[in-house]
Amino acid sequence: MVGLWLSPMGDLLGSNMSKSERFQTLCVHRGVAKDSAWNSVITPIYATSTFRFTAPMQHAGYDYSRTANPTRAALEECLAALEGGARCTATATGMAAEMTVMAMFPAGSHIIAGHDIYGGTYRLFSQVLAKNGLEFSFVDMTGDPMNVKKALRKNTRAVWIETPTNPLLNLVDIAAVCGIAKKAGVTTIVDNTFMSPFFQHPLELGADVVMHSTTKYINGHSDVVSGAIISKTAEHGEKIAWMMNNLGTGCSPFDAWLVLRGVKTLPLRMKAHNANALALAHDLEKRPEVSHVYYPGLETHPQHALAKKQMSGFGGMLSFDLKGGQPAAFKFVKALKVISFAESLGGVESLIEHPETMSHASMTLEQRRNAGIADGNLRVSVGIENAEDLIEDLDRGFAALKRSRK
Ligand SMILES: Cc1ncc(COP(=O)(O)O)c(C=O)c1O
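This is a predicted model, so every value here is computed, not measured. (Residues numbered from 1 in each chain as written. Predicted model: local features only at pLDDT ≥ 70, side-chain atom pairs only at ≥ 80, totals over all residues. Heavy atoms only, no water.)

When you go through the protein chain residue by residue, the secondary structure sums to 14 helices and 12 strands. Expressed along its principal axes, the backbone C-alpha trace of the protein chain runs to roughly 80 × 50 × 40 Å. Per-residue burial for the protein chain yields a buried fraction of 55% across its 406 residues. Restricting to contacts in the protein chain with at least 6 residues of sequence separation, those with at least 24 account for 72%. When the accessible area of the protein chain is evaluated, it comes to approximately 16,700 Å², of which 55% is carbon and sulfur surface. The distance from the centre of the 40 positive side-chain charges to the centre of the 38 negative ones in the protein chain is 2 Å. (Helix = DSSP H or I, 4+ residues; strand = E, 2+ residues; numbered from the N terminus. Buried < 20%, exposed > 50% of the residue type's maximum accessible area, 1.4 Å probe, protein only. Contact = heavy atoms within 4.5 Å. Areas by Shrake-Rupley, 256 points an atom, 1.4 Å probe, with all protein chains shown as cover. Lys, Arg positive; Asp, Glu negative; His and termini not counted. Charge placed at Lys NZ, Arg CZ, Asp CG, Glu CD.)

This paragraph deals with the layout of surface pockets. What the largest pocket holds in volume is close to 420 Å³. Around the largest pocket, the lining comprises 27 residues; the ones closest to its centre are Met95, Tyr118, Gly120, Ser213 and Lys216. Elements represented by at least two residues in the lining of the largest pocket include exactly helix 3 (94-102), helix 4 (119-128) and strand 6 (209-213). Residues belonging to the lining of the largest pocket are distributed by class as follows: 8 nonpolar, 12 polar and 7 charged. In terms of domain composition, the lining of the largest pocket takes at least three residues from each of domain 1 (23-263) and domain 2 (266-405). (1 Å grid on protein atoms, 1.4 Å probe; cavity = no way out; pocket = protein on both sides within 12 Å on 5 of 7 lines; lining within 4 Å. Points joined across faces, edges and corners; volume = space filled by probe spheres on them. Nonpolar A, V, L, I, M, F, W, Y, C, P; charged D, E, K, R; others polar. Domains from an automatic or database assignment.)

Moving on: the site of the ligand. Taken together, 14 residues form the shell around the ligand, and within it Gly94, Met95, Asp191, Ser213 and Thr215 come nearest. Between the ligand and Asp191, the relevant distance is 2.7 Å, taken from a nitrogen atom to a side-chain nitrogen or oxygen of the residue. When the ligand is considered free in solution it has 390 Å² of accessible area, and contact with the protein chains removes 91% of it. Its atoms largely coinciding with the cavity grid, the ligand occupies the largest pocket. (Near = heavy atom within 4 Å. Polar contact = N/O pair within 3.5 Å; in protein donor to acceptor, adjacent residues only side chain to side chain. Sits in = over half its atoms within 2 Å of the grid points.)

If you look at the biggest cluster of nonpolar residues, it comprises 106 residues, and the most contacted ones within it are Met102, Leu318, Phe320, Leu322 and Phe332. Mapped onto the domain boundaries, this core takes at least three residues apiece from domain 1 (23-263) and domain 2 (266-405). Among residues more than four places away in sequence, those in contact with Leu322 are Glu289, Val290, Ala328, Ala329, Phe332, Gly376, Leu378, Phe398 and Leu401. (Core = buried A, V, L, I, M, F, W, Y, C linked by side-chain atoms within 4.5 Å.)

In the segment running from Thr163 into Pro164, the intervening peptide bond is cis, with an omega of -5 degrees. Mapping Pro164 onto the fold places it in the loop between strand 4 (156-162) and helix 6 (174-183). At the junction of Asn166 and Pro167, the peptide bond is cis and its omega measures out at 10 degrees in the coordinates. Here Pro167 shows up in the loop between strand 4 and helix 6. Here the phi dihedral of Met57 falls at roughly 65 degrees; this positive angle occurs in a residue that is not glycine. For Met57, the position within the fold is in the loop between helix 1 (23-29) and helix 2 (70-83). Residue classification places Met57 among the exposed residues on the basis of a relative accessible area of 82%. Here Leu169, not a glycine, exhibits a phi torsion of approximately 55 degrees, which is positive.

A few words now on the packing of aromatic side chains. Across all of its chains, the model carries 11 aromatic pairs by this definition. Taken together, a centroid distance of 4.9 Å and an interplanar angle of 70 degrees make the contact between Phe332 and Phe398 edge-to-face. Remark: Phe398 occurs in helix 14 (residues 387-405) and Phe332 occurs in helix 12 (residues 325-334); sequence separation between them is 66 residues. A residue is classified by how much of its surface remains accessible, and Phe332, at 0% relative accessible area, is buried. When its relative accessible area of 1% is taken as the criterion, Phe398 is described as buried. Among the aromatic side chains, those forming a connected cluster through ring pairs are Tyr122, Phe125, Phe136, Phe138 and Trp160. (Phe/Tyr/Trp six-rings, centres within 6.5 Å; stacked < 30°, edge-to-face > 60°.)

Pasting the structure below:
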């Protein structure tokens, strides 16, 4: 079985983690022990919209759950520690996190984003925020970070980085892009959803803000939609919390509790996702029906060296192009029995989706082709099942393709 690639950090411990608590310990212990009444081992769900004041102008720390809630605060404390940030705001969804971050920029601001980012992010930027006065440039920042420099304008306020990209698993050199942005006094925001803080620490690489769809790996069980924003500085974190309270984009206590429950096993799950994805990527590379496999853990990946430099593992996401285009992709997914044909990613169960008609359907055909997404591309969120069962399931898909050719 393939081994997990370890960074020079050796033990997958981010350097600005607390020196006394390593990553795995933070996952299990941060944000618990909040119950001073009964000392419950697990953080309770504070299912309350409001809190009694102890006296006029005095409360015990919380007044109204839109503003703050103890269960949400526990999750925020945990995620800030995992990303090495000063403060986290937990949100209702990943998109709510994006909206909260972007609401910080006044009309007339120019934002640079990758041209092959998640389709929902692309839609929010190009169809909602662009109409509200923000200007966007979508550039290929995976090929050459200098494209970011070329796109800078006087009114550029932020660079939005997603790495690895979705669904083609291209990498953005976070340190290089953040260096360019810093020189121009521009804020950098990294969507770290695909890698999770277990495999990638954007704040250490120079980013100002990290956002997550915690719906994915951080929760890991496909039973919640939620998000998070982690700020490097307390000052930015304070502004984000203020904005979240204005917009009402905060995470509910129950969802926060589910995410806190899920995050405890993040290191174990990420190692298993990584090992299985590498096994599937190697298998897919050998299939004659496949024209390309996209996975940063493959030595053939054009940015494999960068992957080893800025990540401490390669993650559980891969995609591949089938030679027969969309008809082949549809036949393939219909034959699968273990891997579910569904959107989303990052759960313990394997999922497969067709970016052309699902996750990236909100892009125009031209935009998809421009980003390199073919109609035969299938994206797999490789789960933690037995790898041989997953490979046997791929066999079913390829057998269906062979049958249809006869
Ligand atoms: C990379 C990435 N960012 C953000 C989002 C949005 O998150 P959510 O669906 O939790 O709103 C997604 C959802 O698929 C995603 O894949």
